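Below are the chains, spelled out letter by letter.
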Amino acid sequence: MEVTLRNIGKKYEGREKFTLKGVNLKIENQDFCVILGPSGCGKTTLLRMIAGLNSITEGDLYFDEKRVNKTSPKDRDIAMVFQSYALYPHMSVYENMGFSLLMRKENKKIIHQRVMEAAKLLELTDYLYSKPSDISGGQRQRVALGRAIVRKPKVFLMDEPLSNLDAKLREHMRVELVRLHKTLGSTTVYVTHDQTEAMTMATKIVLMNDGKIQQVGKPEELYNKPANLFVAKFIGSPTMNIIDGKIKNKKFVSKDEIIKVTPSKEDEEFLKDYEGKEVCLGIRAERFESGGQLGDAFECRIDVVEMLGKEKILYARLKSGFELMISVPGHYEYEEGENHFFGYNTKALHFFDKKTGKRIN
Ligand SMILES: Nc1ncnc2c1ncn2[C@@H]1O[C@H](COP(=O)(O)OP(=O)(O)OP(=O)(O)O)[C@@H](O)[C@H]1O
Ligand SMILES: [Mg+2]
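If you look the protein up in an unreviewed UniProt entry, it shows as Multiple sugar transport system ATP-binding protein from Garciella nitratireducens DSM 15102.

Rendered as structure tokens:
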């Protein structure tokens, strides 16, 4: 099923400002759409509006061609998985999974069939007669998913379903969820504030801030072509280096005049109207190149080396005191206190308008 939001706005009673404003979005059939953004930006509000649990203040919500603004949750053919997935402690895994169907007076045979199917898919067959207290956190999370799956909804809505799990289990469940989505093919809307979850699972990311959509696209699009400074800083770890400066004689020159970059021919075209104006240069930590042979290289002092295994993050200071984060392969040798030269891959430079924050190139 396709979910379309047209100019959706939400104002809670008693609040002065709109929590969401002008949200336009098309979630395609079979999309794994991740709503991403910092705490309080309106993710849960948006999801609950799609679910029918929050009223819609303005705009239109469509499931395929049908306008569903006023349709009650139970008639929307959706299933929701929450962060706090409270299972019924006195019921077995089997009963927990079948409960919603039982409430709907579904035929016992069909319930059995659906629960067994879901249990097989989620590898819960061995635990069907255990109580929630006797299984692990990850298994409990899968039961919560199972509860949603047995209903065979057209749309899955999930609100931070993995945030209660430890890091290892979360990593595991991420892959499980992607597999499950491939098998079931249901349209999924998944809310998280964790950019790694979004990058690894989404077919489409919707990055929000302060009640407004900042960018919609595939993970690579947000990573490689962030539409503005907010997206640039939110996506990617470590955070993209952002350097304030000006365009002088077609070159980017940083405020402290230490970093001087000659943009690529393509970027030069985009920067034509910015001669003499303030811009921000964005460089991802992994796009620096070690060595001084490049014309635009700069010198810095390594303050701190963070060893992460496959990579090292160098916290490098320019003479002006400005700090850059530089990522190098983990087996490279860098010591704290050393001075080094770095250049850049000019194909990987991001330019933003200082005033508006919008991407230039
Ligand atoms: N029932 C409510 N009444 C009034 N204001 C609300 C209500 N629910 C949420 N809000 C406000 O709306 C804004 C968005 O909240 P929402 O829960 O959608 O954020 P979120 O992006 O899901 O954040 P988090 O990542 O912390 O879960 C917040 O400022 C919040 O205080
Ligand atoms: Mg929330």
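What follows concerns the site of ligand 1. As a matter of local geometry, ligand 1 sits amid Tyr12, Arg15, Thr19, Pro38, Ser39, Gly40, Cys41, Gly42, Lys43, Thr44, Thr45 and Glu160. Here a nitrogen atom of ligand 1 and a side-chain polar atom of Tyr12 are 3.3 Å apart. Gly42 places a polar main-chain atom, nitrogen or oxygen, 3.0 Å from an oxygen atom of ligand 1. When ligand 1 sits alone it has 640 Å² of accessible area, and the protein chains cover 61% of it. In terms of residue class, the shell around ligand 1 is built from 3 nonpolar, 6 polar and 3 charged.

Now for the domain arrangement of the protein. Taken domain by domain, the protein holds domain 1 (3-228) and domain 2 (241-353). Centre-to-centre, using C-alpha coordinates, domain 1 lies 39 Å away from domain 2. In this assembly, 5 residues from domain 1 lie in contact with 4 residues from domain 2. Taken together, the two surfaces of domain 1 and domain 2 that pack against each other cover about 370 Å², and 51% of this comes from carbon and sulfur. For the pair domain 1 and domain 2, the interface holds 0 salt bridges. At the boundary of domain 1 and domain 2, one finds 2 residue pairs in polar contact (both at pLDDT 80 or more). Grouping the amino acids of the side of domain 1 that touches domain 2 by side-chain chemistry returns 3 nonpolar, 2 polar and no charged.

A separate point is the pattern of salt bridges. Tallied over the full model, the rule gives 20 salt bridges. Among the salt bridges present, the one from Glu117 reaches Lys152, with a minimum N-O distance of 3.5 Å. Separated by 35 residues along the polypeptide, Glu117 in helix 3 (residues 108-121) and Lys152 in the loop between helix 4 (137-149) and strand 7 (155-159) bring together distant segments of the chain. A residue is classified by how much of its surface remains accessible, and Glu117, at 40% relative accessible area, is partly exposed. Through salt bridges that share partners, Arg301, Asp303, Arg317 and Glu323 make up one connected network.

Conventions we followed
Residues numbered from 1 in each chain as written. Chains lettered and ligands numbered in written order. Predicted model: local features only at pLDDT ≥ 70, side-chain atom pairs only at ≥ 80, totals over all residues. Heavy atoms only, no water. Near = heavy atom within 4 Å. Polar contact = N/O pair within 3.5 Å; in protein donor to acceptor, adjacent residues only side chain to side chain. Areas by Shrake-Rupley, 256 points an atom, 1.4 Å probe, with all protein chains shown as cover. Nonpolar A, V, L, I, M, F, W, Y, C, P; charged D, E, K, R; others polar. Domains from an automatic or database assignment. Contact = heavy atoms within 4.5 Å. Buried area = accessible area lost by both parts, 1.4 Å probe. Salt bridge = Lys/Arg side-chain N within 4 Å of Asp/Glu carboxyl O. Helix = DSSP H or I, 4+ residues; strand = E, 2+ residues; numbered from the N terminus. Buried < 20%, exposed > 50% of the residue type's maximum accessible area, 1.4 Å probe, protein only.

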